[in-house]
Structure formats: C-alpha cells, structure tokens
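Summary of the model geometry
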Amino acid sequence: MFTDGWCPFTLNDGTGNFTDCAINSLTNTGIGTVAIASLKDNLVLTGFPADASNTVDNVIGTISGTANHEPGLNEFPDLSTNWKEVEFNIFGDGGGSEVTFDPNTTLELRTSVASDTTLGPGCDLQSFTGESNNLTLVATTSNPPKGNLPSLVFTETNVGSPTTAPCSNAISLGDTHVHPFNGDTEYDFQAFGDFLLVEAGPNFMVHTRQVPGPPGYPGTATNTAVAVMMGRTRIAVYLQPTRLVIDGKTNNLADGRTIDLPTGVRITHKGMEYVIMDESGNTVRADLVKKETEALWMNITVGLGRSPDSRVRGLLGNPSDRKDEIRTARNITLKVPVDVKDLYGQFADSWRVDPAKSLFVELPRAQVGAPKKPLTANDLAPAEKAHAIEVCKAAGITHEALLDDCVLDTTVLKDDAALKIFTRIAPPKLVIKPVLRVETK
C-alpha cells in the first residue's frame with residue numbers, strides 16, 4: 001500500500017536497476033473508449049504541464065472531437081522546462097499485458113510538440129512501460145509537413161514479415177555514394193583504405209573498407225568489408241571471401257539463421273544480407289552483391305536507435321540541418337562547392353582509420369589513397385552510358401541524381417543489379433559534387 005499515491009515499478013534496462021513511478025490523476029475517471037476500427041483521427045491525447053499559461057497539469061483525451069479533462073497535482077513545478085521525453089502508443093491494459101491486433105493491421109501514430117521551435121521530436125527505440133502490442137515499428141519520419149506542429153510520425157504493422165526500423169538511416173552504396181544521416185545530402189567518396197563510417201557514443205562504431213574499382217575505371221571505389229563495435233562485441237563481414245567474423249573468430253552462420261550473443265547483439269544472415277543489431281536499436285546492414293561466383297561490392301546501411309545529434313561522427317555523420325556542408329574529424333567545415341583536394345585531402349585523411357585502432361582483425365591488402373579525378377557518369381563511353389540509362393529508366397529511376405549514380409554504377413560495376421538499390425532510397429535534395437580547381441600562376 002502506497003499512501004502517497006505513487007506506484008513504483010521496475011523495468012529491465014539491461015541492469016535490472018531501472019525504477020520508475022506512476023500516479024493516477026485526481027478524478028481517475030478515464031477519457032472514454034473508442035472502437036479500434038475508428039481510431040484514425042479520432043483519438044488525441046494532449047498533456048499540458050503547469051506554467052505561466054496553465055495553472056495545473058492537465059491531460060486531455062479527445063475522442064471524435066469530445067474533450068475529457070484530467071487535472072494533475074503539480075507534483076513537478078518545473079516540469080514545463082524539464083520535460084524531455086514522451087511515449088504515445090496503444091499497449092496492453094496493465095500487468096505487462098500485450099494488446100493483440102488482427103492480422104494485416106497497420107497503425108500510424110503522431111507525436112507533436114509545442115515548444116517554440118520548428119524542430120520535430122527525435123526518436124528513441126525504447127519503451128517506458130511493461131505493456132506492449134503485437135505490431136512492429138517499420139518507419140519513422142521526423143517533422144513531416146502534415147499538421148501545424150513539428151512532429152514525429154511512426155508506423156507499426158503486422159503485415160507480412162516486418163523488421164524493426166531504426167530511428168534514422170544512412171547508407172554508403174555502390175561506387176561509392178554516401179547518404180548521411182541528415183537525409184537530404186549525397187556526396188561521392190572514392191578514396192581507398194579503412195575509414196570511420198559512424199561513431200555514435202562509446203558503444204557503437206562502424207568502420208568500412210574501400211578498395212579501387214574495377215580496372216579500366218580509375219577514380220572509383222567500392223566497399224568490400226564492414227566492421228562493427230557494439231559494446232564489448234566486435235563483428236566483421238568480409239566480401240572476398242565472404243565470411244562473418246565475431247570477436248576474431250569465423251562464424252559459419254547458415255543462411256536463414258540468427259544468432260543471439262550474450263552481450264545482447266543479434267546477427268541475422270538471409271541470402272546475401274547480414275543484419276547486426278544491439279539492444280539499443282542500432283543496426284548495421286551489409287548487402288553483398290555477387291555475379292555468379294564473383295563477389296562485386298557491398299552496400300552498407302547504418303541505423304541508429306536514437307535520432308542523430310552532433311555527437312554522431314564519421315563519413316555518414318553530419319546530422320545537422322546544414323545540407324550544404326560536410327565536416328572533417330577535426331570539425332573543419334567544408335562548404336559547397338567542395339574542392340577535390342580538400343575532399344580527398346583533409347576530409348578523407350581525417351576519417352581514415354589508424355591501423356592500431358582498426359576494428360578489422362585483418363589489415364587491408366589494398367592500396368591506401370584517393371583518386372586525382374573522380375569518375376562521373378559524364379566520363380563514360382557513349383555506348384556504355386546509353387545502355388545504363390535505358391536499364392535504369394526502365395526500372396523507374398528518373399530523379400537526376402539517382403539516375404546519374406545508377407548509370408555510373410551499372411557501367412563501372414558491370415552488373416545491372418547495381419540499379420536495385422536506387423529503387424529503394426530517397427532522392428537527395430542536394431548533391432555535393434567536388435570541383436577540380438585549376439590553379440593559375
């Protein structure tokens with residue numbers, strides 16, 4: 001019996017020491033009920049902390065336009081300036097229960113924040129309640145145009161065989177095109193060697209290994225290996241020969257199988273794809289592309305369990321709202337237009353991995369360096385370019401930047417399979433193209 005009205009309960013945060021508290025409202029009469037089939041735009045839950053405009057805490061549940069108020073006790077007078085997180089979803093009704101939705105159910109939920117800012121709330125792949133539902137998070141969109149307030153919209157479903165989506169994705173693909181976490185920018189990065197792809201805090205880091213592209217196409221590079229640190233666990237996926245290495249030991253994880261490590265890291269092998277995920281929702285997806293028995297290249301997608309902030313570093317970093325710049329490891333800003341010498345000089349060198357600090361067990365055999373002049377779609381032979389344009393457009397790729405990338409990769413990598421990735425990624429709003437400045441005396 002808790003005479004002060006508070007009900008403490010414990011959630012497992014990995015250490016078993018995370019304790020939270022809940023308290024019922026003054027009247028505790030509830031806000032009414034709404035049929036599952038009528039949820040769309042009919043259920044809104046609004047919270048107001050006490051501040052200059054609100055004399056008491058309030059929770060307002062609105063069902064089909066009818067508002068029901070539940071006043072609070074102002075337990076935290078400074079809540080309006082310290083409220084940082086909120087969770088809105090449909091869960092089981094107490095006791096750690098799960099609500100079970102019928103098959104082929106999809107929910108879209110919106111969390112909006114009125115905080116005198118145009119920035120939408122971020123995403124964090126964790127829950128503050130022991131209750132759950134049988135749906136899988138498949139997509140998140142920060143600050144979407146729908147609605148008057150900056151929002152986070154996320155989609156949950158049990159249609160098909162959904163896999164959990166991270167809060168934010170970035171990708172290094174093909175020959176080699178980099179789409180950072182800000183979601184709006186793309187730049188080509190054709191340097192050779194090992195590089196820091198992502199560092200997001202002390203427990204998550206990703207290195208990539210890039211090698212020169214095929215003979216006959218100087219100025220190109222592809223990913224051939226990825227190494228991941230998740231807490232105490234080290235995982236690497238190599239392309240040639242294809243193998244999975246866990247903490248320095250080769251693991252013959254069969255196709256279609258999953259392994260759960262004692263550290264909370266899960267690795268899944270499905271076809272030519274390896275997916276690595278930790279308990280915080282951070283993910284690394286290595287898509288291996290082969291032609292018959294020949295391994296060609298690797299596309300690497302990194303997902304974060306939390307929305308990226310300024311602490312996220314590496315080739316996929318740049319989580320700020322600035323789309324017209326990239327930053328070196330020394331926090332030097334390179335603004336558009338970026339000089340080729342700067343991109344493959346101070347920028348590439350700053351993100352190049354010191355061999356003594358590499359996550360790879362095997363040191364690179366390939367050369368370390370960068371192209372003097374990157375290859376673009378405009379440099380291709382007319383016949384090659386014409387064929388690539390035809391197959392890329394036939395696949396529905398019409399956005400100018402993605403079409404250029406598709407044409408280049410389809411030609412250089414000599415495989416029409418290169419175009420598949422471009423049918424699944426969002427077009428960038430800005431392409432950072434390096435310029436080759438001619439010095440005059």
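My aim in this report is to walk through the structure given alongside it, one point at a time. All figures in this text were calculated on a predicted structure; none of them were measured in a lab.

Reading the values: rules and limits
- Residues numbered from 1 in each chain as written.
- Predicted model: local features only at pLDDT ≥ 70, side-chain atom pairs only at ≥ 80, totals over all residues.
- Heavy atoms only, no water.
- Helix = DSSP H or I, 4+ residues; strand = E, 2+ residues; numbered from the N terminus.
- Buried < 20%, exposed > 50% of the residue type's maximum accessible area, 1.4 Å probe, protein only.
- Polar contact = N/O pair within 3.5 Å; in protein donor to acceptor, adjacent residues only side chain to side chain.
- Pairing = 2+ DSSP bridges.
- Axes fitted to C-alpha atoms, helices over the stretch in contact; angles between N-to-C directions.
- Parallel < 35°, antiparallel > 145°, perpendicular 65-115°, else oblique.
- Left-handed = near helix turned anticlockwise from the far one by under 90°.
- Contact = heavy atoms within 4.5 Å.
- Nonpolar A, V, L, I, M, F, W, Y, C, P; charged D, E, K, R; others polar.
- Disulfide = S-S within 2.5 Å.
- Salt bridge = Lys/Arg side-chain N within 4 Å of Asp/Glu carboxyl O.

1. Here's the deal with the side chain of Glu325
- Following the sequence through the fold, Glu325 ends up in strand S25 (residues 325–327).
- Glu325 sits in the buried class, given a relative accessible area of 5%.
- Within the structure, the side chain of Glu325 is placed 3.2 Å from the side chain of Arg327, a separation counted as a polar contact.
- Of note is the side chain of Glu325, whose polar atom sits 3.3 Å from the side chain of Lys335.

2. Structural notes on the sheet that holds strand S3 (residues 43–48)
- Pairing is antiparallel in the open sheet, where 3 strands are placed in the order S3-S4-S5. The open sheet has two edge strands, S3 and strand S5 (66–71), and neither has a second partner. The mean angle between the axes of side-by-side strands here comes to 15°, regardless of whether they run parallel or antiparallel.
- Note: S3 against strand S4 (residues 58–63), 6 bridges, orientation antiparallel. Counterpart to Thr46 in the pairing with S4 is Ile60.

3. As for the packing of helix H3 (residues 382–394) against helix H4 (residues 400–412)
- Where H3 meets H4, the axes come as close as 9 Å, and the angle between the chain directions of the two elements is 120°. One finds that H3 runs oblique with respect to H4. Between H3 and H4 the crossing geometry is right-handed. Together, Glu384, Lys385, Ala388, Ile389, Val391, Cys392 and Lys393 of H3 and Leu403, Cys406, Val407, Thr410 and Thr411 of H4 make up the contact between the two elements.
- In the contact of H3 with H4, the residues fall into 7 nonpolar, 2 polar and 3 charged.

4. Section: the pairing of S5
- Pairing analysis gives 6 bridges linking S4 to S5, with the strands arranged antiparallel. Counterpart to Thr62 in the pairing with S5 is Ala67.
- Count of turn residues in the S4/S5 antiparallel hairpin: 2 residues, of which Ser64 carries a positive phi of about 50°.

5. Section: the state of the cysteines
- For the structure on display, the rule yields 2 disulfides.
- A disulfide bridge connects Cys123 with Cys167, and the sulfur atoms are separated by 2.0 Å. Sign of the S-S torsion, about -60° for the bond between Cys123 and Cys167, identifies this disulfide as left-handed. Taken together, the residues span a long stretch of sequence, with Cys123 in the loop between strand S7 (106–112) and strand S8 (132–133) and Cys167 in the loop between strand S10 (151–157) and strand S11 (168–173) at a distance of 44 residues.

6. So, the pattern of salt bridges
- Inspection of every chain in the model, using the stated rule, returns 12 salt bridges.
- Across the salt bridge formed by Asp194 and Arg209, the nearest N and O atoms sit 2.8 Å from each other. Taken together, the positions of Asp194 in strand S14 (residues 193–199) and Arg209 in strand S15 (residues 204–212) put the pair 15 residues apart, joining distant regions of the chain.
- Via salt bridges that share partners, Asp324, Glu325, Arg327 and Lys335 belong to a single interconnected network.

7. Observations concerning unusual backbone geometry
- The omega angle of the peptide bond from Gln240 to Pro241 is -15°, so this bond is cis rather than trans.
- By the element assignment, Pro241 lies in the loop between strand S17 (233–238) and strand S18 (243–246).
- Of note, the phi angle at Asn104 is positive, near 60°, even though the residue is not glycine.
- Within the secondary structure, Asn104 is located in the loop between strand S6 (98–99) and S7.
- By relative accessible area, which is 60% here, Asn104 ends up exposed.
- Phi angles above zero are rare outside glycine, and Asp247 is one such case at about 50°.
- Along the chain, the position of Asp247 falls in the loop between S18 and strand S19 (249–251).

By themselves, these figures tell us nothing about what the structure is for.
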